[in-house]
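Listed below, chain by chain, are the residues.
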Amino acid sequence: MSNKKNVVIVGFGGMGHWHAGEIAGSDVVNLLGIYDIKQSVIDDAKKEGIYTYSSFEEVLADKRIDVILIATENDFHKPLAIEAMNHGHNVITEKPVTLSSEDLKEMIEASKRNNVLFTTHQNRRWDEDFLAVKQIYDEGTIGPIFNIESRVHGSRGIPGDWRGMKKHGGGMMLDWGVHLLDQIVNVLLPDRKILSIYATMDHVTNYEVDDGFRLTMMFEGDLRVYVEVGTSNFIDLPRWYVQGEDGTARSGWDISRGRITCCTNWEAKDAVPIRTAAGLTKTMAPRTDDTIKDVDYPQLEADVHDFYRNICATLDGKATQLVTHEQLAKVMKVMETAFESDRLGQVLPFEN
Ligand SMILES: NC(=O)c1ccc[n+]([C@@H]2O[C@H](COP(=O)([O-])OP(=O)(O)OC[C@H]3O[C@@H](n4cnc5c(N)ncnc54)[C@H](O)[C@@H]3O)[C@@H](O)[C@H]2O)c1
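All of these numbers come straight from a predicted model, not from anything done at the bench. (Residues numbered from 1 in each chain as written. Predicted model: local features only at pLDDT ≥ 70, side-chain atom pairs only at ≥ 80, totals over all residues.)

A short note on the overall build of the protein chain
Argument step 1. Scanning the protein chain for helices and strands turns up nine helices and 16 strands.
Argument step 2. Against the compact-globule benchmark of 20 Å for 352 residues, the protein chain has a radius of gyration of 23 Å, which places it among compact chains.
Argument step 3. For the C-alpha atoms alone, the extent of the protein chain along its principal axes is close to 75 × 45 × 40 Å.
Argument step 4. Per-residue burial for the protein chain yields a buried fraction of 38% across its 352 residues.
Argument step 5. Excluding contacts between residues fewer than 6 apart, the proportion of contacts in the protein chain whose partners are at least 24 apart in sequence is 69%. (Helix = DSSP H or I, 4+ residues; strand = E, 2+ residues; numbered from the N terminus. Rg over C-alpha atoms; globule rule 2.2 N^0.38 Å. Buried ≥ 20, exposed ≤ 12 C-beta atoms within 10 Å, placed from the backbone. Contact = placed C-beta atoms within 7 Å.)

See the structure below:
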């Protein structure tokens, strides 16, 4: 008999399949079966040799299940999760946990009322490009950091499926925004207060929901964090651009090509002016090699299976869940403040 915990996936589309692949290679969880509202999806899963449930009620009645993973369109996370929790099931939802703080409150109440685990799959906490920035921040590699820019750029507009529809919780803020904000506010800077938020939304390919956004958060201690998602960027900017008082770090998804350059001599200020366009500049003259040095970019490996390992250890009473209710609520509040900032065209204070 395997000691692995039994997972059932509800919603077996793109991400449901991703989970099935991860679970197949997991040391702690086992895929018991799947349920999807579409018969064609169920038929295809059967052909893949996966056990399928014929209704959500049948899933709810199965006592062998340790965790139900909900990977449907965003608007179905809440009703399915609450029903599952009311039947005594532990629940993981895909991100975003749901569409509003009010909805999230009801989900958290259902989890407390039924004494079951409830969390969300924030898998991008295990992105190596992000963890490298965290290492640079934590170790002070480039000195005290005053500016962090986190960007994801694509050029295909918003996908033509439910992601373009408001009623399903579409839009890039609820899609990529959730990941990027969770990284910053819950993992990189969990103890630093956000003072204010200013955001603007893009509507290049879609008027119903945002197909990109730009968001500036001012944190206490003079730290600015800029988060940007774009889907109309035919030339992209780096995934990360981080400035500290002693240097600058830049990387894409691929950290093997990341770069850190530090200043070794701030006193060397007598630059030779350079000619740019129709004028001269001394201020912007590039530094000579004797006043800067390149530092190795952190090379590290992360294992996203740690997400399921944490879930299982939590169910066994040996750990506490990594993605907490408070963290989910904080990101939801940041997103809601960002939408309000865009609507009003104003910088808004943030209550932590
Ligand atoms: N964590 C990540 O990196 C990541 C990446 C992609 C998507 N996601 C999230 O995963 C979720 C699913 O996204 P996707 O790209 O797989 O979408 P998708 O459209 O490919 O799949 C959704 C599936 O859910 C099914 N479904 C809808 N309503 C249902 C219901 N009531 N009961 C059962 N099944 C139902 C649909 O038939 C479909 O097969 C979304 O919440 C999305 O934000 C997360």
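A look at the domain arrangement of the protein chain
Argument step 1. When cut into domains, the protein chain gives domain 1 (5-121) and domain 2 (128-258 + 297-303 + 333-349).
Argument step 2. Placing the centre of domain 1 and that of domain 2 at their C-alpha centroids yields a distance of 28 Å.
Argument step 3. Listed as interface residues are seven residues of domain 1 and, on the opposing side, nine residues of domain 2.
Argument step 4. The residue inventory of the side of domain 1 that touches domain 2, partitioned by class, reads two nonpolar, two polar and three charged. (Domains from an automatic or database assignment. Nonpolar A, V, L, I, M, F, W, Y, C, P; charged D, E, K, R; others polar.)

Considering the site of the ligand
Argument step 1. Close to the ligand lie 23 residues, the nearest being Gly 11, Gly 13, Gly 14, Met 15 and Glu 94.
Argument step 2. No other element matches the three residues that helix α1 (residues 14-24) contributes to the shell around the ligand. (Near = placed C-beta within 6 Å.)

Examining the nonpolar core
Argument step 1. Core analysis: the biggest nonpolar cluster contains 80 residues, and Val 8, Val 10 and Ile 68 have the highest contact counts within it.
Argument step 2. Per element, the largest residue contribution to this core is ten residues, and it comes from helix α7 (residues 172-188).
Argument step 3. Residue-level mapping places this core at the junction of two domains, with at least three residues from each of domain 1 (5-121) and domain 2 (128-258 + 297-303 + 333-349).
Argument step 4. In this view, Val 10 contacts Tyr 35, Phe 56, Val 59, Ile 68, Leu 69, Ile 70, Ala 71, Thr 72 and Leu 80; residues no more than four positions away in its chain are not counted. (Core = buried A, V, L, I, M, F, W, Y, C linked by C-beta atoms within 7 Å.)

So, the sheet that holds strand β4 (residues 90-93)
Argument step 1. Spatial ordering of the open sheet is given by β2-β1-β3-β4-β5, a layout of five strands whose pairing is parallel. Two strands lie at the open edges of the sheet, namely β2 (29-35) and β5 (118-120), each paired on one side alone. Shown here is a sheet whose adjacent strand axes are inclined to one another by a mean of 25°, direction ignored.
Argument step 2. Looking at chain direction, strand β1 (residues 5-10) and strand β3 (residues 67-70) are connected through four bridges and run parallel. From the neighbouring strand, Ile 9 faces β3, where its bridge partner is Leu 69. (Pairing = 2+ DSSP bridges. Axes fitted to C-alpha atoms, helices over the stretch in contact; angles between N-to-C directions.)

Focus: the environment of His 121
Argument step 1. Mapped onto the fold, His 121 is located in the loop between β5 and α6 (128-139).
Argument step 2. By C-beta crowding, His 121 is classed as buried, having 23 other C-beta atoms within 10 Å.
Argument step 3. His 121 has contacts with Ile 92, Glu 94, Lys 95 and Phe 307, leaving out every residue within four places of it along the chain.

Observations regarding the environment of Val 209
Argument step 1. The topology assignment puts Val 209 in the loop between β7 (194-202) and β8 (212-219).
Argument step 2. Val 209 sits in the buried class, given 21 other C-beta atoms within 10 Å.
Argument step 3. It is 22 Å that separates the C-alpha atoms of Val 209 and Pro 79, two residues lying 130 residues apart in sequence.
Argument step 4. Contacts of Val 209, omitting those with residues within four sequence positions, involve Gly 164, Lys 166, Gly 170 and Gly 171.

A word on the sheet that holds β7
Argument step 1. Strand order in the open sheet formed by nine strands is β15-β12-β11-β10-β6-β9-β8-β7-β16, with mixed pairing between adjacent strands. Here the strands that pair on one side only, and so sit at the sheet edges, are β15 (292-295) and β16 (348-349).
Argument step 2. Taken together, the four bridges between strand β10 (residues 240-244) and strand β11 (residues 247-251) define a ladder with antiparallel strand orientation. Within β11, the residue paired with Trp 240 across the bridge is Ser 251.
Argument step 3. Docked against the sheet, α6 engages β6 (145-153), β10 and β11, running at close to 0° with respect to β10.
Argument step 4. Contacts from helix α9 (residues 325-344) reach β7, β8 and β16, with the element oriented near 60° to β7.

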